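An overview of the molecular structure
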Amino acid sequence: MVNELLRHTRLLEIVGDTARVKSKNAAFGDIALVENVGGETSLAKVIELDGDVVSLQVFAGGKGLSTDAAVRFLGHPLEVVYSENILGRIFNGSGEPVDGGPDLSTEPRIPTGTPTINPTMRVMPSRMIPTNVPMIDLFNCLVESQKIPIFSVAGEPYNELLARIGFQADADVVVFGGLGLIFDDFHFFRSAFEEHGVFHRTVMFVNQASDPIVERLLIPDMALAVAEKMAIEESKRVLVLMTDMTAYADAMKEIGIALERIPATRGYMGDLYTQLARRYEKACDFKGAGSVTILTVTTMPGNDVTHPVPDNTGYITEGQLYLHDGGIDPFGSLSRLKQHVIGKATREDHGQIMNTMIRLYSGAKEAEKKQAMAFELSVYDEKLLRFGRLFQERFMDINVSMPVLEALDLCWKTLAECFDPQELLMKKALTDKYFPKDVRRES
């Protein structure tokens, strides 16, 4: 309480959006209230302590801020509203509602940035989250409590894919975090959730490209704090969607440069891995409660998977979905938890179908190379080429939507249209049971 009443005047300096003031009452990560000489106020976050010199990242920016401004430390980290009334609401990077809905200032608040759950309270992932996206459900299953990114490059429809998963996935609550979104993308997500009837069970935290950059760093913590609370206290199965984590890392880099910190690889700060891991490790299946599943977008500048952000992300997460040429690439994608659900949460033929389809599609790509180099194609090569075209059309297009069992049946139908049962090299018991006998094959 003493800290909340104590006001510090005379800022030492203002560099960009960072202000420095002398104080012995601040803690790293605490929130402060900055009052300019004209009466305007803004929240700020303590981002560095150097003796009694405190560096603050001012949410409203340093433009127009006077060195005569006053600072009051609130004595706690950023808190976010949490109650049953936040569903169907949109918040900015400061945690304030921006959708014109009812006032939430009197609602309870919870702290952000809390430690991850004790490993002894975690349950081994074992439940599949159906998304109705065949390239995920068939070949890289999304498992409850998994943390997995979508690796992509600029221009790919990664936001469309993320939104589709959001409104099609089997989850109780969707928590969305937008990081540096342009208005068109923000409007797209909001409209997609509204049009598909999931907005009433969605919470959105959005930092737009024109908003203060420090708020970009707060979005994941707010989204994950709400998701964790819902999972633990209400036993909800929560799906957290965030785009784009590269924008998050770039914001960390920009603030680090303003603080004159020594950069590491390609200008990113040395704690990049730690900061990303702290957020991703919030994914958890809680013993006796709900779960938090995290699906993010990580853009790769220049399609470079060795770029520091995707490179570090790959060490933290359980695989990745690689978006390439408008579809999910079956070769670059990987879900390391899929073996926990394939054949258990789906059907006995799932594992064999998955391996056979990928093997034959690989053969189709080889046949395409032979065709491009004008080599003579065998009858089997022609079958592979037809299969490759059908595979891309029926499964790889991200706009295709079907339940997993229907997708498995379509796999068998596609195989029957292109091959004889003995050409599949599958268990005879499965081909006898599932291979369609009445499918007409084109000559």
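Here the structure is a predicted model, which means the values were calculated and not measured. (Residues numbered from 1 in each chain as written. Predicted model: local features only at pLDDT ≥ 70, side-chain atom pairs only at ≥ 80, totals over all residues. Heavy atoms only, no water.)

Observations concerning the environment of Val 174
Considering the arrangement of structural elements, one finds Val 174 in strand E12 (residues 173-181). For the pair Val 174 and Ala 227, spaced 53 residues apart in sequence, the C-alpha to C-alpha distance is 8.4 Å. Not counting residues within four places of it along the chain, the set of residues in contact with Val 174 comprises Gly 166, Arg 201, Thr 202, Val 203, Leu 239 and Leu 241. (Helix = DSSP H or I, 4+ residues; strand = E, 2+ residues; numbered from the N terminus. Contact = heavy atoms within 4.5 Å.)

Some details on the nonpolar core
One finds Phe 176, Met 204, Met 357, Phe 387, Phe 391, Trp 412 and Leu 415 to be the most contacted residues of the largest nonpolar core, which totals 76 residues. For this core, the leading source of residues is helix H11 (residues 404-418), giving 9 residues. Residues within four places of Met 204 in sequence aside, it is in contact with Arg 89, Ile 90, Phe 91, Phe 176, Phe 186, Phe 189, Arg 190, Phe 193 and Phe 199. Within the second largest apolar cluster, 53 residues are counted, among which are Phe 205, Met 242, Tyr 248 and Ala 251. (Core = buried A, V, L, I, M, F, W, Y, C linked by side-chain atoms within 4.5 Å. Buried < 20%, exposed > 50% of the residue type's maximum accessible area, 1.4 Å probe, protein only.)

Looking at the layout of surface pockets
One number sums up the size of the largest pocket: a volume of about 560 Å³. Put simply, the parts of the chain that give the lining of the largest pocket at least two residues each are strand E5 (41-50), helix H5 (213-234), helix H6 (245-258) and helix H7 (272-280). Tallied by class, residues from the lining of the largest pocket come to 13 nonpolar, 5 polar and 7 charged. (1 Å grid on protein atoms, 1.4 Å probe; cavity = no way out; pocket = protein on both sides within 12 Å on 5 of 7 lines; lining within 4 Å. Points joined across faces, edges and corners; volume = space filled by probe spheres on them. Nonpolar A, V, L, I, M, F, W, Y, C, P; charged D, E, K, R; others polar.)

Examining the pattern of salt bridges
All told, the structure shown has 29 salt bridges when counted by the stated rule. A salt bridge links Lys 370 to Asp 381, with the shortest nitrogen-to-oxygen separation between them at 2.7 Å. Of this pair, Lys 370 sits in helix H9 (residues 350-372) while Asp 381 sits in helix H10 (residues 379-396), and the two are 11 residues apart along the sequence. Classification of Lys 370 as partly exposed rests on a relative accessible area of 30%. The partner of Lys 428 in a salt bridge is Asp 432, with the nearest N and O atoms 2.8 Å apart. Of the two residues, Lys 428 and Asp 432 are both situated in helix H12 (residues 428-434); the distance of 4 residues between them amounts to about one turn of the helix. (Salt bridge = Lys/Arg side-chain N within 4 Å of Asp/Glu carboxyl O.)

Things to note about the packing of aromatic side chains
Applying the stated criterion across every chain, the model contains 14 aromatic pairs. Residues Phe 183 and Phe 186 carry aromatic rings whose centres are separated by 6.0 Å and whose planes lie at 75° to one another, so their mutual orientation is edge-to-face. Pair noted here: Phe 183 and Phe 186 are both in helix H4 (residues 183-195), with a separation of 3 residues, about one helical turn. Three or more aromatic residues joined by ring pairs form one cluster here, namely Phe 139, Phe 331, Tyr 361, Tyr 380, Phe 387, Phe 391, Phe 395 and Phe 419. (Phe/Tyr/Trp six-rings, centres within 6.5 Å; stacked < 30°, edge-to-face > 60°.)

Considering the sheet that holds strand E7 (residues 70-77)
Pairing is antiparallel across the open sheet formed by 7 strands, whose spatial order is E1-E7-E4-E5-E6-E3-E2. Two strands lie at the open edges of the sheet, namely strand E1 (7-9) and strand E2 (13-15), each paired on one side alone. Direction aside, the axes of adjacent strands within the sheet are offset by 35° on average. As judged from the 5 bridges shared by strand E3 (residues 18-22) and strand E6 (residues 53-58), these two strands associate in the antiparallel manner. Of the residues in E6, the one forming a bridge with Ala 19 is Leu 56. (Pairing = 2+ DSSP bridges. Axes fitted to C-alpha atoms, helices over the stretch in contact; angles between N-to-C directions.)

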